[in-house]
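# A look at the structure
Here's the letter readout for the chains.
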Amino acid sequence: VYQVFESVAKKYDVMNDSMTLGIHRIWKDILIHKMNPSPGTLLLDVAGGTGDIAFRFINYVRSARERQLQRKLKHHQNLSWQQIFESYQKDKCNSLGDSQVVVCDINREMLKVGKQKAQHLGYSEGLSWVLGNAEELPFDDDKFDVYTIAFGIRNVTRIDLALQEAYRVLKPGGRFLCLEFSHVSNPVLSRLYDLYSFQVIPVLGEVIAGDWKSYQYLVESIRRFPPQEELKEMIEDAGFFKVDYENLNFGIVAIHSGFKL
Amino acid sequence: GRGREEKKVEEEEEEEEGWHGLYPGHIPTSPLQKALLAAGSAVMALYDPYRHDMVAVLGETTGCLALPNLRDKMKHHPEGYRILQERPRIRLSTLDMSRLRGLPDGSLGREYVRFLEDNKVSPDTRMPPKFVDDEELAYVIQRYREVHDLMHTLLSMPTNMLGEVVVKWFEAVQTGLPMCVLGAAFGPVRLSARKLQVLATELVPWAIRSGLNASCVLNIYYEQRWEQPVESLREELGIFPPP
């Protein structure tokens, strides 16, 4: 699996856009909206490679923070100009409201691409990049408010271990969110989806990335991955409560959510 | 040097050991996939001329008529038949470069090595076939690719855009491979006006005439003719002297 992602890293984003016709961006947006992070949230994004989730998180808390500051300003009607100015200065330096995201990925190449993207897009505050394995995270217990893994868990050899680690590093009250390809139950759509997956995606891989085999692997790994209910049970086994899932696009993709209490 | 290249080839062959198709590296494809690949590789090859792998893929997915034709031409020729039986490969590990370099000037071997060194190319950079669904035809296209540099030598054409286009015209006439035809037709798009003029008035007509006049270039067992003078081989094949 490691070698698959080494060769895939640089063309990862282009391939995602081509394969999903850009829809993966909407899926990721929905994930962040569902998360609804408030400023001050500490997020761990596992298998976050090229930073898509991390950047969206930062954008979200930044605008949430702006709204927060605007509300604060409205309440400062009775303060002197000096006092308003001082409080504004203090808050301006804190545009993210102490929110932070740690991007963790097992693959150095993916992290490299992510860091370059961050620099290119102007993300610097509240962002850190850590090399690590989802089955054995290099973090202490009870550290994070939210744990996400977007399109990464199907590449983990021991999903149960990854889920246990997720449970361990989350604070009590913390939320687990998983965005992943899942199963389409509708028979008509399933046939069309299979046709597209097996006929078109490896071709796209060959033409865009010069790599048929990695994308053939990708399509096969999606089929082998546990369906919605089974994944829900695995998450419950790891100790999470109120585990639920939401199908996107008839089950092509699903968001699973759980809480550590 | 050569030791490292040999090791690389061995490593590649070891990787190919885990193959599922008709030959190492074979990826079986459905007709739909072939059609999509042909279209996609054509677009990508035009968009990014450095994607030589796309040119290769285009050749493999569109060669279903031309390749059997070439194979039959080889089968019905004594030397071509022997090539199909013995399946020689042109690789740095199989060539005795120092011996070829020591051959007299004007001989095929000497001029071939000179061509490789002047243009800084190597026969080992040719893509192995993936999408040809017949093991013998896969060898035919592999042979065509490996002999390409010898075509350059016989036609005295360098590896710049102009030289490549001229060789493509020759190959298009000789093999009928749609990939060569497309390459010959679209290659000139990126050339300057002055070069286009030389191309159109002198080089292409000569390449076409030679291609039509010459017998099948895949029917020459080049590895057994290193000592033969290039001019004599040209005459034997029917290639007119270059302008």
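Below or above, wherever it landed, is the structure these notes cover. (Residues numbered from 1 in each chain as written. Chains lettered and ligands numbered in written order. Predicted model: local features only at pLDDT ≥ 70, side-chain atom pairs only at ≥ 80, totals over all residues. Heavy atoms only, no water.)

Next up on the list: the packing of helix H7 (residues 108–118) of chain B against helix H8 (residues 135–155) of chain B. Residues and elements named next belong to chain B. Two numbers describe how H7 lies on H8: the axes approach to 9 Å, and their chain directions differ by 105°. One way to sum up the angle between H7 and H8 is to call them roughly perpendicular. Each of Leu-108, Glu-111, Tyr-112, Phe-115 and Leu-116 in H7 lies in contact with H8, whose residues at this interface are Asp-149, Leu-150, His-152, Thr-153 and Leu-154. Counted by class, the contact of H7 with H8 contains 6 nonpolar, 2 polar and 2 charged residues. (Axes fitted to C-alpha atoms, helices over the stretch in contact; angles between N-to-C directions. Helix = DSSP H or I, 4+ residues; strand = E, 2+ residues; numbered from the N terminus. Parallel < 35°, antiparallel > 145°, perpendicular 65-115°, else oblique. Contact = heavy atoms within 4.5 Å. Nonpolar A, V, L, I, M, F, W, Y, C, P; charged D, E, K, R; others polar.)

Another aspect to go through is the side chain of Glu-223 of chain B. Residues and elements named next belong to chain B. Within the secondary structure layout, Glu-223 lies in the loop between helix H11 (193–213) and helix H12 (230–237). Of note is the side chain of Glu-223, whose polar atom sits 2.9 Å from the side chain of Arg-143. Glu-223 has contacts with Pro-88, Arg-89, Ile-90 and Arg-143, leaving out every residue within four places of it along the chain. (Polar contact = N/O pair within 3.5 Å; in protein donor to acceptor, adjacent residues only side chain to side chain.)

In this section: the packing of helix H8 (residues 187–209) of chain A against helix H2 (residues 31–47) of chain B. The contact between H8 of chain A and H2 of chain B brings their axes to 9 Å, and the two run at 25°. Taken as axis vectors, H8 of chain A and H2 of chain B run roughly parallel relative to one another. Here H8 of chain A runs over H2 of chain B; the crossing is right-handed. Taken together, the residues of H2 of chain B that come into contact with H8 of chain A (itself represented by Phe-198, Gln-199, Val-200, Val-203, Glu-206, Val-207 and Ile-208 of chain A) are Leu-32, Gln-33, Leu-36, Leu-37, Gly-40, Ser-41 and Met-44 of chain B. Class assignment for the residues of the contact of H8 of chain A with H2 of chain B results in 9 nonpolar, 4 polar and 1 charged. (Left-handed = near helix turned anticlockwise from the far one by under 90°.)

Moving on: the packing of aromatic side chains. In this description, a pair of aromatic rings is defined by centroid distance and the angle of the planes. Under the counting rule described, the total for this entry stands at 11 aromatic pairs over all chains. Directly above the aromatic system of Tyr-167 of chain A lies the positively charged group of Lys-260 of chain A, at a separation of 4.8 Å from the ring centroid. (Phe/Tyr/Trp six-rings, centres within 6.5 Å; stacked < 30°, edge-to-face > 60°. Lys NZ or Arg CZ within 6 Å of the ring centre and 35° of its normal.)

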